[in-house]
Amino acid sequence: MGLSLLATAVTAAVFLSAGTAAGAAPGHATGTTSGGTTEAKAPVVLTDKLVGPLHVTAGRHGSVTVSESFAGRLTRVDSKGTRHVLYETPDWSVAGNARQDGETYFLESKGAGPNPAALAGHVRIIGEDGKQRTLGDFAALETEENADGDTRYGYRDLPDGCAAKLPPTMPETYEGEIDSHPYGIALTDETIYVADAGANSVVSVDTSSGETQTVAVLPPRPYEITKDVAAANGLPDCVVGSTYDFEAVPTDVAVGRDGWLYVTSLPGGPEDPRMGARGAIYKVDPDGDEVELVADDILTPTGLALADNGDMYVASLFGDGVLKIDPDSGEQTLVLAAVFTADVDLRGDTLYATVNSLPGANGPPDGRVVYLDLGDD
């Protein structure tokens, strides 16, 4: 079933603006991480006044490409902060972008479950000469296969009579439904890899033929319901102590030096901080044979960049900014403190991130791209 990530993000942004200090999860002070350390540096603002900059890719000579998702716009920003619109459409959601061999790749989609007939999504490619073409058909793949259609979500072993007391937002049990929202993108010479947040899957698109295939479905995320969580989410007391298998919702994908795909995942269900840091990073075999959990206890991971030494840099949308996660220990270090950090990318020793990416309670949109020199990090 997945989710429409943009709608969920805006809803949660309203929650944070109304009841929580922006960028700080309840129980976590801004500038710290759960179980981690802090080494945050002050970033430089490259550009501001962007409309929902949910994705960023670092390019040559200090330039970046930004998906202004709430405006349906793809924007190139040079090292001086000058902006040039590459593409704009009012009818589609513009998501993850990437560059390779002078071409710009990005994801477009529209529609969301429960109406499969309204779904559409593909990769759009803009060449150096400005000519455009599309590859892949994510909606058709999901409609045909329903990637997580055989995956069971929901409660395990509820007491008798408890199911009748449940709210519709957290049903006793269900299987994955047809949905597609291509959100994150990564490239190799022959393949485009996509994190489909609606289908709960990682998808591949052949760069020559456009053939679209499901690589893997992320496994459900189990969560034990506590008394406080039940009360905060309007759940009956009979669910306390039970386990709920939430959907694992892919948000970004990157290709590691080991050839594996690294995928950030939201935990499904309420995406605001009420249920704690439940996000994760998985390793996925490009052949689809294995899916391994690499790191967890991450608050709303929506963007990922991999360093040459294996360190993982993660944008924590409702957390405190950009986290560096050690691939061996899982230790989290805050390297960039910011509000509503949606995406992150690396170019050499320079880290770029989109911040202020969701609308606040007051004022016009002020999404920003910022950067900092990691130096010896």
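Our structure's up above, just so we're on the same page.
Residues numbered from 1 in each chain as written. Predicted model: local features only at pLDDT ≥ 70, side-chain atom pairs only at ≥ 80, totals over all residues. Heavy atoms only, no water.

**Some details on the overall build of the protein**
Consideration 1: The helix and strand tally for the protein stands at 3 helices and 29 strands.
Consideration 2: The buried share among the 377 residues of the protein stands at 55%.
Consideration 3: For the protein, long-range pairs separated by at least 24 residues make up 51% of all intrachain contacts whose partners lie at least 6 apart in sequence.
Consideration 4: Taken as a whole, the protein presents about 15,500 Å² of accessible surface, with 45% of it coming from carbon and sulfur. (Helix = DSSP H or I, 4+ residues; strand = E, 2+ residues; numbered from the N terminus. Buried < 20%, exposed > 50% of the residue type's maximum accessible area, 1.4 Å probe, protein only. Contact = heavy atoms within 4.5 Å. Areas by Shrake-Rupley, 256 points an atom, 1.4 Å probe, with all protein chains shown as cover.)

**Quick look at the packing of aromatic side chains**
Consideration 1: Enumeration over the complete set of coordinates arrives at 7 aromatic pairs.
Consideration 2: A ring pair is formed by Tyr155 and Tyr244, whose centres lie 4.6 Å apart and whose planes are at 85 degrees; its orientation type is edge-to-face. With Tyr155 in strand 11 (residues 152–156) and Tyr244 in strand 18 (residues 243–246), this pair connects stretches of sequence that are 89 residues apart. Accessibility classification places Tyr155 together with Tyr244 in one group, the buried group.
Consideration 3: Relative to Tyr371, the ring of Tyr352 has its centre 5.8 Å away and its plane inclined at 40 degrees; by these criteria the two rings are tilted. Residue Tyr352 is located in strand 28 (residues 350–355), and its partner Tyr371 is located in strand 29 (residues 367–373); the two are separated by 19 residues in the primary sequence. (Phe/Tyr/Trp six-rings, centres within 6.5 Å; stacked < 30°, edge-to-face > 60°.)

**Details of helix 2 (residues 138–145)**
Consideration 1: All of the buried residues along helix 2 are Phe138, Ala139, Leu141 and Glu142. For helix 2, the buried positions fall inside an angular range of 160 degrees around the axis, keeping them on one side.
Consideration 2: The inward-facing, buried residues of helix 2 abut strand 8 (103–110), strand 9 (120–126), strand 13 (182–187), strand 14 (191–196), strand 15 (201–206) and strand 16 (212–217).
Consideration 3: Asn146 sits one or two positions beyond helix 2 and adopts a positive phi of about 45 degrees. (Arc of directions from axis to C-beta.)

**Notes on the sheet that holds strand 22 (residues 291–298)**
Consideration 1: With respect to topology, 4 strands assemble into an open sheet ordered 19-20-21-22, the strand pairing being antiparallel. Across the chains shown, the open sheet's two edge strands, defined by having one partner strand only, are strand 19 (249–255) and strand 22. Here the average twist between neighbouring strands, direction ignored, is 20 degrees.
Consideration 2: One ladder, built from 5 bridges, connects strand 20 (residues 261–266) with strand 21 (residues 279–284); its direction is antiparallel. (Pairing = 2+ DSSP bridges. Axes fitted to C-alpha atoms, helices over the stretch in contact; angles between N-to-C directions.)

**Some details on the sheet that holds strand 11**
Consideration 1: Ordered in space as 12-11-18-17, the 4 strands form an open sheet in which the pairing is antiparallel. If you trace the sheet from one side to the other, it starts and ends with strand 12 (173–175) and strand 17 (221–224), each paired once. Each neighbouring strand pair of the sheet contributes to a mean axis angle of 15 degrees, computed without reference to strand direction.
Consideration 2: Two elements, strand 11 and strand 18, share 3 bridges in a ladder whose sense is antiparallel. Considered in strand 18, the bridge of Arg156 is made with Thr243.

**Considering unusual backbone geometry**
Consideration 1: For Thr300, which is not glycine, the phi dihedral falls at a positive 40 degrees.
Consideration 2: You can see Thr300 is positioned in the loop between strand 22 and strand 23 (301–306).
Consideration 3: Residue Thr300 is classed as buried on the basis of its relative accessible area of 4%.
Consideration 4: A positive phi angle is found at Phe340, which is not glycine, with a value near 50 degrees.
Consideration 5: Of note, Phe340 is situated in the loop between strand 26 (332–337) and strand 27 (343–347).

**Considering a negative patch on the surface**
Consideration 1: Taken together, the side chains of Asp101, Glu128, Asp129, Asp189 and Glu190 make up a negatively charged region of the molecular surface.
Consideration 2: Residue Glu128 is classed as exposed on the basis of its relative accessible area of 71%. (Patch = residues over 30% accessible without salt bridge, like charges linked within 9 Å, V, L, I, M, F, W, Y side chains within 5 Å. Salt bridge = Lys/Arg side-chain N within 4 Å of Asp/Glu carboxyl O. Lys, Arg positive; Asp, Glu negative; His and termini not counted. Charge placed at Lys NZ, Arg CZ, Asp CG, Glu CD.)

**Things to note about the layout of surface pockets**
Consideration 1: There is about 1,300 Å³ of room inside the largest pocket.
Consideration 2: Considering the residues around the largest pocket, the lining is formed by 49 residues, among which Val255, Ala305, Leu306, Asp345 and Leu346 are closest to the centre.
Consideration 3: Secondary structure elements with two or more residues in the lining of the largest pocket: strand 3 (53–58), strand 7 (93–100), strand 13, strand 19, strand 23, strand 24 (312–316) and strand 27.
Consideration 4: Here the lining of the largest pocket is built from residues that sort into 21 nonpolar, 13 polar and 15 charged. (1 Å grid on protein atoms, 1.4 Å probe; cavity = no way out; pocket = protein on both sides within 12 Å on 5 of 7 lines; lining within 4 Å. Points joined across faces, edges and corners; volume = space filled by probe spheres on them. Nonpolar A, V, L, I, M, F, W, Y, C, P; charged D, E, K, R; others polar.)

**Re the state of the cysteines**
Consideration 1: The final tally for this structure, using the stated rule, is 1 disulfide.
Consideration 2: For Cys162, the disulfide goes to Cys238, at an S-S distance of 2.0 Å. Judged by the torsion about the S-S bond (80 degrees), the Cys162/Cys238 disulfide is right-handed. Of this pair, Cys162 sits in the loop between strand 11 and strand 12 while Cys238 sits in the loop between helix 3 (227–232) and strand 18, placing them 76 residues apart in sequence. (Disulfide = S-S within 2.5 Å.)

**Comments concerning the pairing of strand 8**
Successive residues of a regular strand alternate their side chains across the two faces of the sheet.
Consideration 1: Summarising burial for strand 8: 7 of the 8 residues are buried, a large majority.
Consideration 2: Counted along the chain from strand 7 to the antiparallel partner strand 8, the turn is 2 residues long, and its residue Asp101 has a positive phi close to 50 degrees.
Consideration 3: Note: strand 8 against strand 9, 7 bridges, orientation antiparallel. Looking across to strand 9, one finds that Phe106 is bridged to Arg124.

**Some words on the nonpolar core**
Consideration 1: Membership of the largest hydrophobic core comes to 25 residues, with the highest contact counts inside it found for Tyr105, Leu107, Val123, Phe138, Ile185 and Ile192.
Consideration 2: Secondary-structure elements contributing two or more residues to this core are strand 7, strand 8, strand 9, helix 2, strand 13, strand 14 and strand 15.
Consideration 3: Per-element tally for this core: the top contributor is strand 13, with 3 residues. (Core = buried A, V, L, I, M, F, W, Y, C linked by side-chain atoms within 4.5 Å.)

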